[in-house]
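# A closer look at the structure
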Amino acid sequence: MKNEQYPSVPSKEKQVNIINIKAIEDIGYDLQDAILLNSLTPEENTQCRRGLYFQDGKRHVDYILTYQIKKTSSSRSRRHTSHLTDNAFTRTLRRGRVPPPPPPKDDPEVGLPNHSTDHHDDDKCLRREEFEGNLMAMGLELERDEETKTPGVGFVKIHAPWSVLCREAEFMKLKMPTKKVYEVKQSSGVMEKINTFISKVTDPLHPNVEENRIQNLKHLSYPFSREKQHLFDLSDRDSFFDSKTRSSIVCEVLKRTKCTKANFSMGLTSLLGSGVYTAAYPLHDGDVDGENAEPNDRKLLYEEWACYSVFYKYQPIGLIRKYFGEKIGLYFAWLGVYTQMLIPASIVGVFVFLYGCVTVDDDIPSMEICDPRKNITMCPLCDRVCSYWNLSMACGTARASHLFDNPATVFFSIFMALWAAFFMEHWKRRQMRLNYEWDLTGFEDEEEALKDHPRAEYEFRVMQKSLKKEHKSQKPEKEKLTCKDRCPAYMTNLIIMLLMAEADQLKEVPKTDKSFEERLIFKTFILKFVNAFTPIIYIAFFRGRLGGCPGSYLYVFESYRMEECAHGGCLMELCIQLSITMLGKQLIQNNLFEIGTPKLKKLIRFIKSKRGSFQEEEYEKKLQRYETDHFLEPFVGLTPEYMEMIIQFGFVTLFVASFPLAPLFALLNNIIEIRLDAKKFVAELRRPDAARAKDIGIWYNILRGVAKVAVIVNAFVISFTSDFIPRLVYQYMYSPDGSMHGFVNHTLSYFNVSHFQNGTAPLEPSYLGFHVEICRYKDYREPPWSLTPYEISKEFWAVLAARLAFVIVFQNVVMLMSDIVDWIIPDIPKDISLQIHKEKILIMDLFMKEEQGKTQTLDRVLYSGCKETSPLTRSRSISHTPCKNY
């Protein structure tokens, strides 16, 4: 049916059927709709056509529910839905819904093969009726639209009237601005001049939005209360609750409303999971481009945030929070802080790289490797196929390794460890400042936990368990999932995680979305972390260390040797792997996919539509707002966005000792990533449900864990992967003149080629043009002419002791410095702490004045009443009235 409207009716009248309105509908439906539309002004009529308002042009659409409509509707289904119709003509008649009459026995549809399908569709329709009736009982107003340009999809438009908004705002403890305005204390003296100078310099970098300007005045906020409405500025009720707040209130009502007529309770999540509804989403404010696009927050975000031409500007975090909610606002604020902090890390990393470039010609070990006069013959790197080779062949890789393996990399590792600590502290302070600006200082996670609703899958599993028990005992009981029910899933997930497979789709079936998200994040992070860092960890710590030595190589499956590193060592291969990952995968591949995927989907829709570009544009212009948003991609959460950045943070901090350019590549990636995500959220995704949050949740703990592990990993990279420690040991223990001359020869051991195992000697022993008797290999072992040939030498133990000592010292010193940074920098900025304390005092003063005013008013009323009372009456009741004070 077309544009069915549901007024809010009292729950006690839901089952009252005053009049059969079918005949009235058949006669007056189209006429009354025409009268209603013609009575609107042209402006209101245009707004209705855009789908942002109900048909009356006054009530704003706060939320949308969609459901599937069969293309060929039967007469029986038409008879059924006719009882749900309530058009403009019959809106004044209060009526209820009665169950549809059973089909006649001679109904031909009873014997059709798809009768079970029709019964299933009717069951969904009945559940929609009950759910929508319960929504109306909660005070929401509904309007249905099935005759749209989107075939097979019906839309239920939901509007929350003022009374519902006030009631739910009080239940949700939403902080709203009061009439009280106070001055925000700014810095004084030298700090004020510095802040003014910085503000003038960075003014071109700020977006042109009002929410991003520094305000000297701030409204005092307080949790909304219907009893204290006089405290709030209600001069404009239409704008007091913005679109984000209205949609979040409706979403809360939807989640709290249940279908209870069946043997089990079903909420919105269960209705979505079972196909009763296909989607639920709030509407975007309007179009982002086009000639007729009116000014709105979405359009402003698109122009000042989602365009690549404004990549150099700060993000309008206040406007992002206003439009998408605190949870998404905190993500982009964190991403902005992380990107800003990458700037100094990138600069230092470039200087470290340039230091390696400048000093490469002065590096004595690489000069010795490149000197052809040394003529050092090296042992083969593999069995039979590989032959002897000269050490000078590794000249290029040796010089390239110095670019990343030099004394400056140790300093850079310490710098990055402290950088991570500064970043975490800076984010905590920034987060606290946002909590103050967004009036979240009194918000606690426990308030959200109290209203966290069961997930659809959890309710479905509970329903299955209830039905099984009911079938056995015939006694319906309230069920819940226990550890016994989850045990098989726990074991399955454990086995799959050990096998490195995708286990994030199996669930122990947690009850709430919050617990589901935390478990999903934990398991997904483990899998992504292992998948991303396993090859890097292998190259850094295992490759080339388990192969053995010539004459006693280590074999796998009796025929395969463990692989060796290239001529220049494993550090160079580690740098190549990291550069491919940072530059190729993150900077190019991920961004190309994010740019190309939406364009590819749009191209596919264009090909399927078989319309020209002009026809496509005209078709999109005719769609209502809720139809246009229906074709956008659904929002799946922030987990993929956070995960990508956390993995990148791992690349920046964990192996930065071997690749100082990692922060630079991460910075370039994030500059593009911010604008890509912005465009995706504004123009390509449905508007997410606004969620409140005062921090980034479990992601902060993961960041701290990665930062702590990074100190240990970099210590081991410097000690065991690079040549920093062997060079120090040689220079101060074995060098005759305290220089690095002779270091290369010191690190190479001798091997007699006659000691090769059978079948492992080179096929071309004279590849170099001469007969080889002794070859060299990189290790600390005794020569073949010693009493203990090829045994580990004492130099090996000296170097190993120095390496372990460096790991212990480096780890403890850097972690101590990080803890000192954490202790010195307070989590809450001093000015914010003062402002929060000032707000508490102002709140107390406001309520004290209000109580004093009430007391004075009551006293005046009582005093005036006592004066009007006769002396005789006053003398009789003097002991029982407050007038005795007068």
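Numbering of residues begins from 1 in every chain and follows the order in which that chain's sequence is written. In keeping with the predicted nature of the model, local features appear solely for residues at pLDDT of at least 70, side-chain atom pairs appear and are counted solely at 80 or more, and the whole-chain, interface and lining totals rest on all residues. Heavy atoms throughout the structure, all of them, feed into the side-chain values; hydrogens and water do not.

What follows covers the environment of L587. Every helix listed is a DSSP run of H or I at least four residues long, and every strand listed is a run of E at least two residues long, numbered separately from the N terminus. Its place among the elements puts L587 in helix α20 (residues 570–609). The exposure class of L587 is buried, given its relative accessible area of 14%. A sequence separation of 85 residues divides L587 from I672, and the C-alpha atoms of the two residues are 8.4 Å apart. For the exposure calls, accessible area comes from a 1.4 Å probe over protein chains only, and a residue counts as buried if that area is under 20% of its type's maximum, exposed if over 50%, partly exposed in between.

Moving on: the state of the cysteines. When two cysteine sulfur atoms are found within 2.5 Å, that pair is recorded as a disulfide. Under the counting rule described, the total for this entry stands at 2 disulfides. Residue pairing for C370: its cysteine sulfur links by disulfide to C395, the two sulfurs lying 1.9 Å apart. One disulfide, between C370 and C395, carries an S-S torsion of 95° and so falls in the right-handed class. Within this pair, whereas C370 is found in helix α13 (residues 364–370), its partner C395 is found in helix α14 (residues 395–404), the two being separated by 25 residues in sequence. Residue class for C370 comes out partly exposed when judged on its relative accessible area of 21%.

This paragraph deals with unusual backbone geometry. Here the phi dihedral of K173 falls at roughly 55°; this positive angle occurs in a residue that is not glycine. Of note, the phi angle at Y790 is positive, near 65°, even though the residue is not glycine. Overall, Y790 belongs to the buried group, its relative accessible area being 15%.

Turning to the packing of aromatic side chains, a few remarks are in order. Pairing of aromatic rings covers Phe, Tyr and Trp, the last through its six-membered ring, and needs centres within 6.5 Å; plane angles under 30 degrees mean stacked, over 60 mean edge-to-face, and all others mean tilted. Per the stated rule, a full pass over the model turns up 47 aromatic pairs. When the centroid spacing of 5.6 Å and the interplanar angle of 20° are considered together, the rings of F716 and F720 count as stacked. Placement of the pair is F716 and F720 together in helix α25 (residues 698–721), with a separation of 4 residues, close to one helical turn. What makes F716 partly exposed here is its relative accessible area of 30%. Over a ring means this: the NZ of a Lys or the CZ of an Arg is within 6 Å of the ring centre and within 35 degrees of the ring normal. The positively charged end of K218 is found above the aromatic ring belonging to Y436, 5.1 Å away from the centroid. Over the aromatic face of Y750 sits the side chain of R776, whose NZ or CZ is 3.8 Å from the ring centroid.

In this section: the nonpolar core. Generally speaking, soluble globular proteins have nonpolar side chains that are buried together. The term nonpolar core refers to a set of buried residues drawn from Ala, Val, Leu, Ile, Met, Phe, Trp, Tyr and Cys, joined through side-chain atoms within 4.5 Å. Counting 101 residues, the largest nonpolar core has W334, Y338, W419 and F655 as the members making the most contacts within it. It is helix α12 (residues 326–358) that provides the largest number of residues to this core, a total of 15 residues. The contact rule is simple, with two residues in contact once any of their heavy atoms fall within 4.5 Å. Setting aside its immediate chain neighbours within four residues, W334 contacts F423, W427, Y642, M645, I646, I696 and L703. Listed in part, the 46 residues of the second largest apolar core include L65, L140, V156 and L220.

Here we take up the confidence of the model for the protein. Note that predicted coordinates carrying low pLDDT should not be read in detail. On average, residues of the protein score 77 in pLDDT, and 74% of them reach the 70 mark or higher. What pLDDT conveys is the predictor's confidence in a given residue, as a value from 0 to 100. Looking across the protein, the model is least confident in helix α1 (residues 22–38), with a mean pLDDT of 33, and most confident in α12, with 94. Counted against residues more than four places away or in other chains, residues 1–42, with its pLDDT under 50, gives 91 contacts. Between residues 500–506, whose pLDDT stays under 50, and residues either more than four places distant or in other chains, the model counts 16 contacts.

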